[in-house]
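Structural overview
For reference, the chains in residue letters:
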Amino acid sequence: AQSRPVFPRRSAAEEALGCLLNDPALAETDRTAVDDILREGAYGSPLSAVARAIATAIDAGRRPTLDSVLDSLDDATARS
C-alpha cells in the first residue's frame, strides 16, 4: 500500500494569507475582506509578521507578491 504524504493542517486564516500571496490581485478585489484577513492581532507569531508585510505592501499601493513579502521579512521563521 502506498503511503500518502502528510501535510500539516492550516487554519482558515493561514489559508487566506496563502491565497493573497499566491494571487496578489485578490488584494484589489474587496478591501473590507482583505482588511479583515490582515487585521492586527489575528495571528500569532510568525504569521503576524507576514500579515503586516502584506498590509504594508497594499497600503503602499503595491501588490503583495510572495517575493516582495519574503524580501521584507527579517525573521527566518516568518520567511519559512
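Before reading on, note that the structure itself is shown above.
The structure contained in this document is the topic of the report that follows. All residue numbers refer to positions counted from 1 along the written sequence of the respective chain. pLDDT decides what is reported in this predicted model: residues at 70 or higher carry local features, side-chain atom pairs at 80 or more are listed and counted, and totals for whole chains, interfaces and linings draw on all residues regardless. Calculated side-chain values reflect all of the structure's heavy atoms, with hydrogen atoms and water omitted.

For the rest of this paragraph, the subject is the environment of Asp36. A run of H or I in DSSP counts as a helix once it spans at least four residues, and a run of E counts as a strand once it spans at least two, with each numbered from the N terminus. Residue position: Asp36 is located in helix α2 (residues 31–37). Only protein chains enter the area calculation, which uses a 1.4 Å probe; residues under 20% of their type maximum are buried, those over 50% are exposed, and those in between are partly exposed. Asp36 gets classed as partly exposed once you look at its relative accessible area, which sits at 45%. For the pair formed by Asp36 and Ala13, sequence separation is 23 residues and the distance between their alpha carbons is 10.0 Å.

Once that is clear, we can look at helix α3 (residues 47–59). Taking 1.5 Å of rise per residue, 13 residues should cover 18 Å, and α3 covers 18 Å from first to last C-alpha, within 8% of that figure. Along α3, the residues classified as buried are Ser48, Ala49, Val50, Ala51, Ala53, Ile54, Ala55, Ala57 and Ile58. Tucked inside the fold, the buried residues of α3 contact α1 (12–22), α2, α4 (66–72) and α5 (76–79). Looking one or two places after α3, you find Gly61, whose phi comes out positive at around 80 degrees. Here, expected helix span is obtained from the residue count minus one, scaled by 1.5 Å. Only heavy atoms matter for contacts: two residues are in contact if any of them lie within 4.5 Å across the pair.

A few words now on the pattern of salt bridges. We define a salt bridge as a side-chain nitrogen of Lys or Arg found within 4 Å of a carboxyl oxygen belonging to Asp or Glu. Scanning the model with the defined rule gives five salt bridges in all. Arg31 serves as the salt-bridge partner of Asp59, at 2.8 Å between the closest nitrogen and oxygen. Residue Asp59 is found in helix α3, and its partner Arg31 is found in helix α2; the two are separated by 28 residues along the sequence. A salt bridge links Asp36 to Arg39; the nearest nitrogen and oxygen atoms lie 3.2 Å apart. One salt-bridge network, held together by shared partners, links Arg31, Asp35 and Asp59.

Looking only at α1, the buried set comprises Ala16, Leu17, Leu20 and Leu21. The buried residues of α1 occupy an angular sector of 135 degrees when the element is viewed end-on, so they sit on one face. More than 90 degrees from the buried face of α1, the exposed residues found are Ala12 and Asn22. Those residues of α1 that are buried lie in contact with α2, α3 and α4. Read the arc as the range of directions from the helix axis to the C-beta atoms.

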